[in-house]
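Inside the fold
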Amino acid sequence: MSKVAIVGGGAAGMLCGVYAARRGHQVHILEKNEKLGKKLFITGKGRCNVTNDSDTEELFPAIMSNRKFLYSAFYTYGSRDVMNFFEEAGVPLKTERGNRVFPVSDHSSDIIRALERELKKAGAQVHLHTEVKEVCAENDKVTGVLLADGSFFKADSVVVATGGLSYPSTGSTGDGYRFAEETGHKVVAQSPSLVPLVAREDYVSKLQGLSLRNVELTIKSGKKVLYNDFGEMMFTHFGVTGPLILSASAQIGKKLEKEPLQAFLDLKPALDAEQLDARILREFDANPNKQFKNVIGVLFPSSLTPIMIELGEIPGEKPVHEISREERQAFGRLIKAFPFTITGMGEFKEAIITRGGVSVKEIQPSTMESRKIKKLYFTGEVLDLDAVTGGYNLQIAWSTAYAAAQAIE
């Protein structure tokens with residue numbers, strides 16, 4: 001039996017603790033907060049999108065950084081393994097649109113409580129209000145950790161499961177990156193990911209609070225399409241947010257650092273240009289003497305109407321029977337490609353995850369052990385791994401945590 005110190009009691013730390021303790025190790029989870037799983041508690045808007053119920057090979061396209069590194073971890077401990085773990089731990093699960101898996105109760109607290117129960121059952125010890133200041137090593141082998149109170153906590157193995165920089169209020173303050181650098185590891189620069197986007201145009205902020213469902217978003221750099229998907233989004237006082245936008249942020253981040261990007265919303269993706277024109281024409285034919293602004297309101301939410309008139313080429317007061325075919329078709333094109341400019345990302349405090357982190361080139365992909373320091377492991381968000389929304393980021397945490405737990409001797 002060896003003594004294992006796990007730094008951080010989030011998703012990766014807790015699952016790693018369960019499996020390491022089940023294998024007979026003396027496990028100590030060192031958590032600086034007053035309770036375990038603070039970030040897990042708010043994931044999926046408090047519902048906790050546990051994983052994505054897809055075949056393992058279908059998980060990889062959702063990974064944005066270093067997907068090859070995850071082959072071994074995902075094939076060893078995939079989404080079905082995660083689902084079995086929680087169902088056996090007494091949490092019934094359900095699968096929703098996009099194969100997103102949630103607890104039937106819609107309460108993330110059930111996931112945290114299950115992990116706490118399994119930790120206790122396996123004999124792991126949890127130390128709350130316990131902040132680690134430094135990971136200690138001698139002759140390229142871990143010796144333990146130095147705590148904030150100045151005491152030394154001796155350990156045969158140390159697992160860093162500190163999370164990233166997103167939602168700093170939950171304790172994600174980048175400690176793991178510092179531990180990695182201080183022990184001689186390369187750390188890839190961090191930026192927020194799965195985060196709202198900032199838009200340039202005034203009319204975007206005028207639409208603050210408006211939610212759109214079933215729209216198609218396309219983001220381009222010049223003529224090159226960087227992102228295209230269908231779903232829901234919302235306008236904010238500074239830009240745009242919602243599931244479509246968060247997923248887009250994971251894919252356009254690197255390009256956005258170099259230049260602003262053009263975005264287009266198709267407000268009627270179910271209709272092609274011809275069908276949309278026929279739909280508009282039907283409204284015009286039914287109301288030939290009404291003003292344009294009083295007829296088009298049926299096509300989209302009322303708060304969008306003044307903006308559409310502002311961006312279009314048809315004066316709002318113009319009677320419908322005076323509108324030419326060219327004007328009508330131009331307005332149809334605006335509906336199919338409502339434009340705005342993306343100039344930047346939101347901040348870490350709004351980001352679901354962190355892009356960047358401990359370079360995976362210095363980590364063994366099958367064990368999560370450092371290639372530089374023996375018995376030092378890195379798991380979860382502290383690594384340079386990130387994915388789109390849909391349960392994939394938690395799957396990274398579970399798979400890497402399991403790999404480390406199985407590797408500890």
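Residues numbered from 1 in each chain as written. Predicted model: local features only at pLDDT ≥ 70, side-chain atom pairs only at ≥ 80, totals over all residues. Heavy atoms only, no water.

Inclusion rule: UniProt positions are given in the numbering used here, feature names are shortened, and annotations may be inferred rather than shown by experiment.
An unreviewed UniProt entry annotates the chain as NAD(P)/FAD-dependent oxidoreductase originating from Blautia aquisgranensis. In its Cofactor (unreviewed entry) section, UniProt records this for the chain: "FAD".

1. Notes on the side chain of histidine 185
The following threshold applies: We count a stretch as a helix when DSSP gives it H or I for four or more residues in a row; a strand needs E for two or more, and each element gets its number in order from the N terminus. Polar contact is the term for a pair of N or O atoms within 3.5 Å; when the atoms are in protein, one must be able to donate a hydrogen and the other to accept it, and sequence-neighboring residues count only if both atoms are side-chain atoms. A contact between two residues is defined here by any heavy atoms of the two lying within 4.5 Å.
Among the secondary structure elements, histidine 185 is positioned in the loop between helix H7 (175–182) and strand S11 (187–193). Among the polar contacts made by the side chain of histidine 185, one reaches the side chain of serine 370 at a distance of 2.6 Å. Those residues within four positions of histidine 185 in sequence are excluded, and the remaining contacts are Ala180, Glu362, Ser370, Lys372, Ile373, Leu376 and Phe378.

2. A closer look at the side chain of glutamate 283
Counted only if it meets this: Buried residues are those whose accessible area, probed at 1.4 Å on protein chains only, stays under 20% of the maximum for their type, while exposed residues exceed 50% and partly exposed ones sit between those limits.
Position of glutamate 283 relative to the elements: it lies in helix H10 (residues 273–286). Its relative accessible area of 18% is what places glutamate 283 among the buried residues. Residues in contact with glutamate 283, not counting those within four places in the same chain, are Val295 and Val298.

3. Regarding the UniProt feature "domain: RsdA/BaiN/AoA(So)-like Rossmann fold-like" (unreviewed entry) in the chain
In the numbering used here, UniProt assigns the "domain: RsdA/BaiN/AoA(So)-like Rossmann fold-like" (unreviewed entry) feature to residues 3–406. End C-alpha to end C-alpha, residues 3–406 measures 14 Å, and it is 32% helix and 25% strand.

4. Describing the UniProt feature "domain: RsdA/BaiN/AoA(So)-like insert" (unreviewed entry) in the chain
Listed under "domain: RsdA/BaiN/AoA(So)-like insert" (unreviewed entry) in the UniProt record, and renumbered for this structure, are residues 192–353. Strand forms 28% of residues 192–353 and helix 35%; the C-alpha atoms that close the span are 6 Å apart.

5. Let's talk about the sheet that holds strand S4 (residues 93–96)
Across a sheet, paired strands are connected by hydrogen bonds in the backbone, their directions being either parallel or antiparallel. To be explicit about the condition: Between any two strands, at least two bridges found by DSSP are needed for them to pair.
With antiparallel pairing, three strands are arranged side by side in an open sheet as S3-S5-S4. Either end of the sheet is taken by a strand with one partner, and the two such strands are strand S3 (51–52) and S4.

6. Let's talk about the packing of aromatic side chains
Filter applied, for reference: Each Phe, Tyr or Trp ring, with Trp reduced to its six-membered ring, pairs with another whose centre is within 6.5 Å; inter-plane angles below 30 degrees give stacked pairs, above 60 give edge-to-face pairs, and intermediate values give tilted ones.
Counted by the stated rule, this structure contains 14 aromatic pairs. For the pair phenylalanine 284 and phenylalanine 292, a centre-to-centre distance of 6.2 Å together with 85 degrees between the ring planes defines the contact as edge-to-face. The class for phenylalanine 284 is buried, based on a relative accessible area of 7%. Residue class for phenylalanine 292 comes out buried when judged on its relative accessible area of 1%. Residues phenylalanine 292 and phenylalanine 331 carry aromatic rings whose centres are separated by 5.0 Å and whose planes lie at 80 degrees to one another, so their mutual orientation is edge-to-face. Here phenylalanine 292 is found in helix H11 (residues 292–295), whereas its partner phenylalanine 331 is found in helix H13 (residues 325–336), with 39 residues between them in sequence.

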